[in-house]
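# Secondary and tertiary structure notes
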Amino acid sequence: KPANLAAGEKLSIIPHDVLHYLPFQAMWTGDGYLLQKSEISYAPSANALVQLIDRKPSETGKFFALGNPDLGDPSRALPGAQKEVEALMTLFPDAETYFGSNATRQRFFEGAAKSRLVHVASHGSVDPIDPLYSKLYLAKEPTHEGTVDAREIYGLNLGGTELVVLSACETGL
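Thresholds, definitions, all that
- Residues numbered from 1 in each chain as written.
- Predicted model: local features only at pLDDT ≥ 70, side-chain atom pairs only at ≥ 80, totals over all residues.
- Heavy atoms only, no water.
- Core = buried A, V, L, I, M, F, W, Y, C linked by side-chain atoms within 4.5 Å.
- Buried < 20%, exposed > 50% of the residue type's maximum accessible area, 1.4 Å probe, protein only.
- Helix = DSSP H or I, 4+ residues; strand = E, 2+ residues; numbered from the N terminus.
- Contact = heavy atoms within 4.5 Å.
- Phe/Tyr/Trp six-rings, centres within 6.5 Å; stacked < 30°, edge-to-face > 60°.
- Lys NZ or Arg CZ within 6 Å of the ring centre and 35° of its normal.

### Some details on the nonpolar core
Formed by 13 residues in total, the largest nonpolar core has its most connected members in Leu 66, Phe 108, Val 120 and Leu 138. Of all the secondary structure elements, the ones that give two or more residues to this core are strand S3 (63–69), helix H4 (105–113) and strand S5 (117–125). Every residue in contact with Val 120, bar those within four places of it in the chain, is listed here: Leu 66, Phe 108, Leu 136, Leu 138, Val 165, Leu 166 and Ser 167. Formed by seven residues, the second largest nonpolar core is a distinct cluster that contains Phe 63, Ala 81, Val 85 and Leu 117.

### What about the packing of aromatic side chains?
Overall, the coordinates contain five aromatic pairs when judged by the stated rule. Residues Phe 24 and Tyr 42 carry aromatic rings whose centres are separated by 6.4 Å and whose planes lie at 55 degrees to one another, so their mutual orientation is tilted. Note that Phe 24 is positioned in the loop between strand S1 (10–13) and helix H1 (34–37) and Tyr 42 in strand S2 (residues 39–42), a separation of 18 residues in sequence. By relative accessible area, Tyr 42 is classed as partly exposed at 41%. Ring centres of Phe 64 and Tyr 98 lie 6.2 Å apart, and the angle between their planes is 55 degrees; this geometry places the pair in the tilted category. Separated by 34 residues along the polypeptide, Phe 64 in strand S3 and Tyr 98 in strand S4 (residues 96–100) bring together distant segments of the chain. Residue Phe 64 is classed as buried on the basis of its relative accessible area of 0%. Between Arg 76 and the ring centre of Tyr 137, over which it is positioned, the NZ or CZ distance is 5.5 Å.

Structure, rendered in structure tokens:
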């Protein structure tokens with residue numbers, strides 16, 4: 001409430017340290033939740049935010065998604081994640097999507113680098129000691145266990161990518 005935001009005003013939040021655990025969108029403003037009043041986005045730094053604001057939208061590319069990767073244990077299946085991606089497919093009929101054993105690390109790196117919109121619905125974990133070793137869990141391959149570390153994502157060329165959605169456990173952290 002002290003920020004005195006107008007209804008519909010955009011708000012970019014750059015959390016630090018323990019503030020990553022705070023769900024800003026759920027803050028009570030006195031007459032509603034912040035999410036009901038403002039469009040909220042998060043950025044890792046002010047520099048990254050400026051880069052994103054100055055960036056021109058891509059005219060090409062497609063929607064790429066991975067959902068419910070097969071982790072070799074039926075108790076870790078994510079049928080809701082598959083439904084999530086299938087629902088998005090109705091909005092993007094020419095989408096490139098992979099599920100189960102096809103939702104692999106290799107497909108992630110190939111698809112994310114050439115897509116305008118990327119959506120990953122899988123398991124994830126945060127490494128609070130060294131966040132660059134936080135992981136997304138994808139289907140195993142003969143040559144790799146299937147995990148993708150945050151540090152590896154920094155090496156991706158996402159110059160043509162406008163939006164990446166990580167829909168996994170702990171990805172908000």
